[in-house]
Structures are given as C-alpha cells and as structure tokens.
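Structural overview for review
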Amino acid sequence: MLRHLLRTVNLFDTAKSVLFLCLLAGCNPSGERGQVRGPVYYERDDPRSLDPALSTDVTTGEMIALLFDGLTQFDGDGRLLPALSDRWTADRTGRRYVFHLRAGVSFHDGRSVAAADVKRSFLRVLNPQTHGGRVWPLLPIAGAGDFADGHATDVRGIEVLGDTAVAFTLTEPLAVFPKFLAMPVASVVPSSPPSDFGQRPVGTGPWRFVAWQHDDYLRFARNPNYWGGAPLSESLTVRIIPEALTRAAEFLSGRISVVEVPFGETKKWEQEHPDWLKRRPALRPVYVPLNNRRGPLRDARVRQAINHAVNVPEILRTVWNGRGALAAGSIPPTLGGSDPSRRPYSYDTSEARRLLRAAGYPDGFAVQLWRSGSNVELGQVAQAIQAQLAAVGIRVEIVSRDASSMREAVRKGDTDMAILDWWADYPDADNFLYPLFHSASFGPGGNYSFYSDRITDSLIMVARRTVDQAARETLYRRIETRVFDAAPWIYLWFPVDLWAEHPSIEGWDVPVIFNGQHWTKVRVAARR
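A brief look at the structure comes next. (Residues numbered from 1 in each chain as written. Predicted model: local features only at pLDDT ≥ 70, side-chain atom pairs only at ≥ 80, totals over all residues. Heavy atoms only, no water.)

**Section: empty space enclosed by the protein**
Taken as a whole, this structure holds 4 cavities of 30 Å³ or more when the rule is applied. Approximately 120 Å³ is the volume found for the second largest cavity. Contributing to the lining of the second largest cavity are 14 residues, with Ala65, Phe68, Gly70, Ala182 and His518 lying nearest its centre. Contributions of two or more residues to the lining of the second largest cavity are made by α3 (58–67) and β2 (72–74). It is β2 that provides the largest number of residues to the lining of the second largest cavity, a total of 3 residues. For the lining of the second largest cavity, a count of residues per class yields 7 nonpolar, 6 polar and 1 charged. (1 Å grid on protein atoms, 1.4 Å probe; cavity = no way out; pocket = protein on both sides within 12 Å on 5 of 7 lines; lining within 4 Å. Points joined across faces, edges and corners; volume = space filled by probe spheres on them. Helix = DSSP H or I, 4+ residues; strand = E, 2+ residues; numbered from the N terminus. Nonpolar A, V, L, I, M, F, W, Y, C, P; charged D, E, K, R; others polar.)

**Quick word on the packing of aromatic side chains**
What the rule picks out here adds up to 31 aromatic pairs. Seen from their ring centres, Tyr345 and Tyr491 are 6.4 Å apart, and the 25 degrees between their planes marks the pair as stacked. Here Tyr345 is found in the loop between β14 (324–326) and α11 (349–358), whereas its partner Tyr491 is found in strand β19 (residues 489–501), with 146 residues between them in sequence. Each member of the pair, Tyr345 together with Tyr491, is buried. Look at Trp499 and Trp508: their rings are 5.7 Å apart centre to centre, the planes differ by 55 degrees, and that puts the pair in the tilted class. (Phe/Tyr/Trp six-rings, centres within 6.5 Å; stacked < 30°, edge-to-face > 60°. Buried < 20%, exposed > 50% of the residue type's maximum accessible area, 1.4 Å probe, protein only.)

**Quick look at the pattern of salt bridges**
For the coordinates displayed, the defined rule picks out 30 salt bridges. A salt bridge links Asp299 to Arg301; its shortest N-O distance comes to 2.8 Å. Arg301 gets classed as partly exposed once you look at its relative accessible area, which sits at 35%. One salt bridge connects Glu351 with Arg354, and the closest N-O pair in it is separated by 2.7 Å. Highlighted residues: Glu351 and Arg354, both in helix α11, separated by 3 residues, approximately one helical turn. The class for Arg354 is partly exposed, based on a relative accessible area of 39%. Taken together, the salt bridges that share partners define one network made up of Asp75, Asp77, Arg79, Arg280 and Asp509. (Salt bridge = Lys/Arg side-chain N within 4 Å of Asp/Glu carboxyl O.)

**Section: helix α16 (residues 469–486)**
Given 3.6 residues per helical turn, the α-helix brings residues three or four places apart onto the same face. Here α16 contains 18 residues, and its C-alpha end-to-end distance of 26 Å stays within 8% of the 26 Å for a straight helix at 1.5 Å per residue. Here α16 has its buried residues at Arg472, Glu473, Leu475, Tyr476, Ile479, Glu480, Val483, Phe484 and Ala486. Viewed along the axis of α16, the buried residues span an arc of 165 degrees, placing them on a single side of the element. Counted as exposed and oriented over 90 degrees from the buried face of α16: Ala470 and Arg478. Summarising the contacts, the buried residues of α16 are in contact with α9 (300–309), α14 (434–437), α15 (454–465) and β19. If you check the start of α16, you find a side-chain oxygen 3.3 Å away from the backbone N of Ala470, and it comes from Asp468. (Expected span 1.5 Å × (residues − 1). Arc of directions from axis to C-beta. Contact = heavy atoms within 4.5 Å. Polar contact = N/O pair within 3.5 Å; in protein donor to acceptor, adjacent residues only side chain to side chain.)

**Points about the sheet that holds strand β17 (residues 417–418)**
For sheets, the rule is that strands pair by backbone hydrogen bonds, running either parallel or antiparallel. On the basis of which strands lie adjacent, the open sheet formed by 3 strands has the order β16-β15-β17 and parallel pairing. Each of the sheet's edge strands pairs with one partner strand only, and the pair in question is β16 (394–401) and β17. In this structure, strand β15 (residues 365–372) lies alongside β17, joined through 2 bridges in parallel fashion. Considered in β17, the bridge of Leu369 is made with Met417. Sheet contacts for helix α12 (residues 376–390): β15, β16 and β17; angle to β16, the most-contacted strand, approximately 165 degrees. In the packing of helix α13 (residues 403–412) onto the sheet, the strands contacted are β15, β16 and β17, and the crossing angle to β15 comes to about 135 degrees. (Pairing = 2+ DSSP bridges. Axes fitted to C-alpha atoms, helices over the stretch in contact; angles between N-to-C directions.)

Okay, structure coming up:
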C-alpha cells in the first residue's frame, strides 16, 4: 500500500515564536472543551473502522493495536511477544499449535476473556457475511477456506480446550503462523458484538475508546486494568491531518507530539534541531514491478538492462534526500534472510545496451510507467527513470492516476511498470517473498510483477515449512538470489524513516512495524 508524501515548504521561519507552547499548556484538537493531558499523535486518513474484522490498511491497523490484543503481538523493534496468550507450543510436524491464554484478562466492559472468544472472533472474521475484511492470515487454519467460501458451518482446525487454551491445526506446516496472529485482523473481540462495534469498540488493549469525531480526531483513555500494565499517560489523542504541510506546522506549534519530517525540509531540520530527530530503517522497499508477462519485459535480459540503465544512487540522493538504503533485493537488510554481501545492480549504460541488443531490442522499445498523481516525490522518481531509460533507447510514457485507480490497474496486470512501495504486514522475510514472488500471489496477492518460476515457488514453500530459523534464513537468501538475478523489479531502495519528537515526550520511538507502537510507555514530561 502507498503512503503519500506531499509538497513541503520552509516552516521554521513562520513557527519559531510559538514553538511547542500549545502542547505544554494543554491545548486541544479542534477547540474541544477540556484539556489534553497526554500525547497527541496523528493519522493521514480517517480509519476505515475500529472493528478488527475490517482492518485492511495501516491507519486502521494502528488504531486497532491500541484498543485490542491478539494472541501474540509485535513490539516496536518487530519482535514477536506473548499477548493474550502467555505461551504456545507447536508439534513436531509444525501443523498443530496450542495457545494458552493469560489468566485474569478482561475486556474493557468487564467481561472475562475465554478461549471461546478467540474462536468466535476468528469465525466472525472468516464469516462470508463479513464484507471487506482481510481473511488471509487465518486461511492457513484447516477448514478456514471452506468456511469463508460458505461451504462449511464450522472451522475444523480451531479447537477450544476448556476456557484457557485454543488449538489450531493447519493445512500444512507454517513456521510464521504465530506472527500472523499478531496482525490486527486476528484481534480478540467480545462475543456477540453490537452492530455499531466499529464505531464504539470494546477490546482488551491498553487504551479504551472515548470518542471519534470523523475526519478530525480520536480520543482514548488509558485502561487501568491492562494486563501489561496501565499506560503512563491518562489519554491519547489521534488527530486526522491529511496534509504534510499542516502536520509539520502543527508540530512546530506544539499541537502534535511527533511528526514525520517532510522530505523537502530534511536538511533544514537536520541543521536546526538534530536533537529532535529519530531515524529507523523501514521494513519497506520502494520499487518498480516490471510486468513479466508484457512485451519485451518478458525477457530477463531486458529487465536486467533496465536495472543497469537507472542511476538509483543519484535518484536516492537528489529526490529522496538520501533517506534510504540501496536495494539489492526485496528483503529489508535488518531482517534475517537478507544477504549483505549482494551488491545492487550497477549503473552501467554500456551493459544495458549490450543486454538490449542480445535480447533483440537494439533500438529500444516503448513502455508505460504508472505513478500516483498525489505523490510528489515518487512523481519525481518517475521523471528521473524516464530520462535515464531514454538514454538507452527505452521510451517511457508516464501515466498519472489516483492511487486507487493505479492500484487496480497494477493488480489486474494492465501496467508495464509502476512505482510502488510494500509495507510489511509481519516482520519476517516470508512477507517479502511469498506475496511478492510466489505465483499463487499474482495480482491482488502482491505479486505485481507476475514473476513466475517453479523452483522459486517450491523453495518458498519449503522455507515456510522450515521451523529452524537458521535453516529458514539460508533458504531465504537462496530464494532472494534467484529472484534478484531474474530482475522482476527495478530495485530502488529501503526508506529510512525520519521523525521529529517533541522535547517534552518521553518513551516514544519509531516502530519498525506499523502496529508495534502501543504508546504505553509514552508520557508528556514537565517543561525542560
């Protein structure tokens, strides 16, 4: 999915005189009565819903993570931790997991959590009457697919073991299954939730729902009985601020606690207040899928030539302000399974021309490159790629569309090339191999290059079944090398997220995974 970064201007000169005064004084979003006594975060868009069964995007997933718990969870560093389940076991086949529930956990309305709630929550997600939900994390469970398709009345692979444990039998071994259960859609909800549950949610999470003013703000209060310890702050406010300019101005005026630094202001913020800044390599490649089923792009030599013809280091430096690490594959370098010894494709126009001649295209050819019209920086990347490919005879027409139209065209395979990024659903190399390169994931599944290779498919499935972490990471590196050599993408970079933190905020850090920041250790300190 794409997050849009908009045009920026110099905000320092207009905001220094009021810098940070408002938050320290307890100002409110949108003039709401009463004081804000906790940190203030923001989202670019209104959440789709606050119902985990309808969690399909980053914004909704971040909010779900505040209100609900799954059986497992990710921390800010992407580590898998216990949550509603305090321990779990897997049998030798890797197909049967038993999750034991933590004792004494209650929903926000006081009801105790029992194993039956876990099964009912999962059936609710899989129910064919549920519209628009994201069911794939639960489909590895035996019988889940039949239930979701309306061909069964129960899911045979979910077994409630009294009040305190749930067993899952999978259709095949899946080493990363516990990570699937940390995703927002696998959150546990009370039995028989009301019809307006998505607007008035009740969970077990560290924060209780208070109010939602659509397209303006959400307000949460701490859960004093949270099993993991009550949050340090009384409240958490999340404002809806679509425009990057407005977000930065609100931060400089002290009305939000943290902000992603605007790209056009990178150097200015680094020079003016380096002590505000926090960096973190993102689990997110920026890339251009080359449709392996269309025209000249069917030939691996053509795809390799395109990679050699694009000066990625220059584009990263000039357009992306150096906020990234060059990509030599799809697996982020901070994850196990990446290969730090692999080098990116070199910028070499002579080699690009040689490969084009060998493939039968000495005079080049014409292609289209699709981009989202609202993303200024990626539009500039598209223009740079267009100019550089022209130098080797490849004529690129840039097609600008709104994000949803572009996504739909990419998923259908109607594009030659498109500029995209891929946000990790779970921090494991599997999330950058199975959806992006397995042939079962064509189109909507994430394989937007329509790359297909039987050996790659087989190796990916072997890796998914391999419980031993070291052995699985060895397989990941082997798979990545094979795919990289086939060049199904233009490999660009992995962004390094750059955020500014208000000096009064303590305990916050940039999460490596979108649902890893729960704000429980964050508080607004006294004036420094």
